[in-house]
Amino acid sequence: ASVHPVYPIKASELVLGAGDTAFPPLFALADASPRIYGGVLHFTDGKGAWPTRGPSLPVLWVLTNDHAFDCPWGTVVRLC
């Protein structure tokens, strides 16, 4: 598999978490620019609060641990 296409982002568009991440700002940014982003690829430990509904774009959660993760939307893969 490969990633197509890749778009550079501005530092002002980068959303970083710091424990118990607030995921809604990232998904709001993606929803605000659906023609720019083809989806959301989120590397996370899964700790935090996500919006009650998913964005209009596909979401791939890449989890960095094997803890329970019960977000009702998106596709989940694990690195561990």
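Residues numbered from 1 in each chain as written. Predicted model: local features only at pLDDT ≥ 70, side-chain atom pairs only at ≥ 80, totals over all residues. Heavy atoms only, no water.

Asks: What is the right way to look at the overall build of the protein chain in this model?
Replies: Scanning the protein chain for helices and strands turns up one helix and five strands. Listed N to C, the secondary structure of the protein chain is β-α-β-β-β-β in terms of helices and strands. Relative to its 80 residues, the protein chain shows a buried fraction of 29%. The contacts of the protein chain with a sequence gap of at least 6 include a subset with a gap of at least 24, amounting to 27%. As presented, the protein chain carries roughly 5600 Å² of accessible surface, and 59% of it is formed by carbon and sulfur atoms. (Helix = DSSP H or I, 4+ residues; strand = E, 2+ residues; numbered from the N terminus. Buried < 20%, exposed > 50% of the residue type's maximum accessible area, 1.4 Å probe, protein only. Contact = heavy atoms within 4.5 Å. Areas by Shrake-Rupley, 256 points an atom, 1.4 Å probe, with all protein chains shown as cover.)

Asks: In this structure, what is going on with a nonpolar patch on the surface? I would like to understand it.
Replies: Residues Leu41, Phe43 and Leu79 make up a contiguous nonpolar surface patch of about 340 Å² in total accessible area. Note on placement: Phe43 falls in strand 2 (residues 40-44). Assessed through its relative accessible area of 52%, Phe43 is described here as exposed. (Patch = residues over 30% accessible without salt bridge, like charges linked within 9 Å, V, L, I, M, F, W, Y side chains within 5 Å. Salt bridge = Lys/Arg side-chain N within 4 Å of Asp/Glu carboxyl O.)

Asks: Can you help me understand the packing of aromatic side chains in this one?
Replies: Aromatic ring pairs are described here by two measures, namely the spacing of the ring centres and the angle between the planes. In the structure shown here, the tally under the stated rule is six aromatic pairs. When the centroid spacing of 5.2 Å and the interplanar angle of 85 degrees are considered together, the rings of Phe27 and Trp73 count as edge-to-face. With Phe27 in helix 1 (residues 24-32) and Trp73 in the loop between strand 4 (59-63) and strand 5 (75-78), this pair connects stretches of sequence that are 46 residues apart. In terms of burial, Phe27 and Trp73 fall into one category: buried. Their ring planes at 45 degrees and their centres at 5.7 Å tell us that Trp61 and Trp73 sit as a pair that is tilted. (Phe/Tyr/Trp six-rings, centres within 6.5 Å; stacked < 30°, edge-to-face > 60°.)

Asks: In this structure, what is going on with helix 1? I would like to understand it.
Replies: Helical periodicity: at 3.6 residues per turn, an α-helix aligns residues three or four positions apart in one direction. Of the positions making up helix 1, those classed as buried are Leu26, Phe27 and Ala30. End-on view of helix 1: buried residues confined to an arc of 90 degrees, all on one side of the axis. (Arc of directions from axis to C-beta.)

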